[in-house]
Amino acid sequence: MKELFRYNWQVRHDWYQWCEGIPEEELLKKRTGGVGGILETLFHIIDVEWSWIRILQGKPDFQEKFEEYNTLEKVRELDAVFHQEVLEFVQNWEDRFEDHVVPDVEGIEWEERYTWGEIMRHTIAHEIHHIGQISVWARELGKKPVSANFIGRGLGKVKG
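Model, not experiment: these values are computed from the prediction. By convention here, each chain's residues receive numbers from 1 onward along its written sequence. Predicted model: local features are reported for residues with pLDDT of at least 70 only, side-chain atom pairs are reported and counted for 80 or more only, and whole-chain, interface and lining totals are derived from all residues. Calculated side-chain values reflect all of the structure's heavy atoms, with hydrogen atoms and water omitted.

A. Representation of the overall build of the protein chain in the model. Here a helix means four or more residues in a row that DSSP labels H or I, a strand means two or more in a row labelled E, and each is numbered from the N terminus. Helices and strands together make up the secondary structure of the protein chain, namely five helices and zero strands. Overall, the protein chain shows an N-to-C arrangement of helices and strands of α-α-α-α-α. What the globule rule says is 2.2 Å times the number of residues to the power 0.38, and the radius of gyration is computed from C-alpha atoms. Whereas a compact globule of 160 residues would reach a radius of gyration of roughly 15 Å, the protein chain reaches 16 Å, a difference of no more than 12%. Its C-alpha atoms give the protein chain principal-axis dimensions of about 45 × 45 × 25 Å. Within the protein chain, buried positions represent 44% of all 160 residues. Contacts are residue-level and defined by heavy atoms, with any inter-residue pair within 4.5 Å sufficient. In the protein chain, the proportion of contacts linking residues at least 24 apart, taken out of those at least 6 apart, comes to 70%. Whether a residue is buried, partly exposed or exposed follows from its accessible area with a 1.4 Å probe, protein chains only, as a fraction of its type maximum: under 20%, in between, or over 50%, in that order.

B. Representation of the nonpolar core within the structure. Judged by nonpolar contacts, the single largest core of 46 residues is most densely connected at W15, W18, I38, L42 and M120. Those elements that provide at least two residues to this core are α1 (2–19), α3 (38–56), α4 (72–91) and α5 (116–140). Counting residues per element, this core draws most heavily on α3, which supplies twelve residues. With sequence-adjacent residues up to four places away left out, W18 is seen in contact with I38, A138, L141, K143, K144, P145 and V146. What is meant by a nonpolar core is a set of buried Ala, Val, Leu, Ile, Met, Phe, Trp, Tyr and Cys residues, joined one to another through side-chain atoms within 4.5 Å.

C. α5, seen in detail. Here the expected span of a helix is defined as 1.5 Å times the quantity of residues minus one. Compared with an ideal rise of 1.5 Å per residue, which puts 25 residues at 36 Å, α5 spans 37 Å between its outermost C-alpha atoms and is within 8% of the ideal. Just beyond α5, the residue with positive phi is G142, at close to 80°.

D. The packing of α3 against α5, seen in detail. For the pair α3 and α5, interaxial distance at closest approach is 10 Å and the crossing angle is 175°. Here α3 lies roughly antiparallel to α5, going by the angle between them. Mapping the contact onto sequence places I38, T41, L42, H44, I45, V48, E49, W52, I53 and L56 in α3 and W116, I119, M120, H122, T123, H126, E127, H130, I131, I134 and W137 in α5. Looking at the contact of α3 with α5, its residues break down into 13 nonpolar, six polar and two charged. Lines fitted to the C-alpha atoms define the axes, with helices restricted to the stretch that makes contact. Angles between their N-to-C directions range from 0 to 180 degrees. Each angle gets one of four labels, with under 35 degrees taken as roughly parallel, over 145 as roughly antiparallel, 65 to 115 as roughly perpendicular, and the rest as oblique. Here the term charged refers only to Asp, Glu, Lys and Arg, the term nonpolar to Ala, Val, Leu, Ile, Met, Phe, Trp, Tyr, Cys and Pro, and the term polar to all other amino acids, Gly among them.

E. Up close: α3. For α3, which comprises 19 residues, the first-to-last C-alpha distance of 28 Å matches the rise-based estimate of 27 Å (1.5 Å per residue) to within 8%. Within α3, 18 of the 19 residues are buried, leaving the element largely enclosed by the surrounding structure. In the segment just after α3, G58 is the residue with positive phi, at about 75°.

F. Structural context of the side chain of S135. If you trace the backbone, S135 turns up in helix α5. Judged by relative accessible area, S135 falls into the buried class, the value being 18%. Apart from the residues lying within four places of it in its own chain, the contact partners of S135 are W15 and P145.

G. How the structure looks around the pattern of salt bridges. In what follows, salt bridge is the name for a side-chain nitrogen of Lys or Arg lying within 4 Å of a carboxyl oxygen of Asp or Glu. According to the stated counting rule, one finds eleven salt bridges in the structure shown. Here R12 makes a salt bridge to E49, at a shortest N to O gap of 3.0 Å. Taken as a pair, R12 in helix α1 and E49 in helix α3 lie far apart in primary sequence, 37 residues in all. Side by side, R12 and E49 carry an identical accessibility label, which is buried. Ionic pairing is found between R54 and E85, a salt bridge with its closest N-O pair at 3.2 Å. Here R54, found in helix α3, pairs with E85, found in helix α4; they are 31 residues apart in sequence, far enough to count as distant. Members of the salt-bridge network, linked through shared partners, are R12, E49, D79 and E127.

Below, the structure is given as structure tokens:
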């Protein structure tokens with residue numbers, strides 16, 4: 001699971017670099033599918049990842065507003081701030097956490113009870129889903145999307 005989080009982070013940072021060559025109006029343009037445009041989708045990815053990790057820790061969640069982070073620089077800065085907490089949680093993940101039940105958090109009423117393992121895998125899949133949308137939008141712009149390959153990223157190398 002840790003490797004898939006690292007994969008997502010690498011791909012996300014590749015997308016940030018890709019965005020550097022795209023006019024801001026294209027990054028902000030509302031598109032079909034997703035949560036808005038390219039930049040808003042990247043913002044959504046990092047907000048959701050951080051929010052779920054905070055919920056697993058029993059910490060309060062708050063919803064950031066995209067309007068306050070509507071530039072590539074601001075999204076990257078927010079990612080850097082949120083990433084510290086997410087990284088620490090992921091690095092300290094142990095198999096024994098798998099079946100822990102998501103704690104009650106003020107302001108959230110669960111229809112069902114979920115396990116930490118379910119939430120962690122959902123968070124990984126959520127990002128992969130939205131990155132796929134950005135890939136489609138990249139092709140619509142006539143640009144080559146970031147590679148989605150896990151292979152060749154140095155994440156699953158044989159040690160020794």
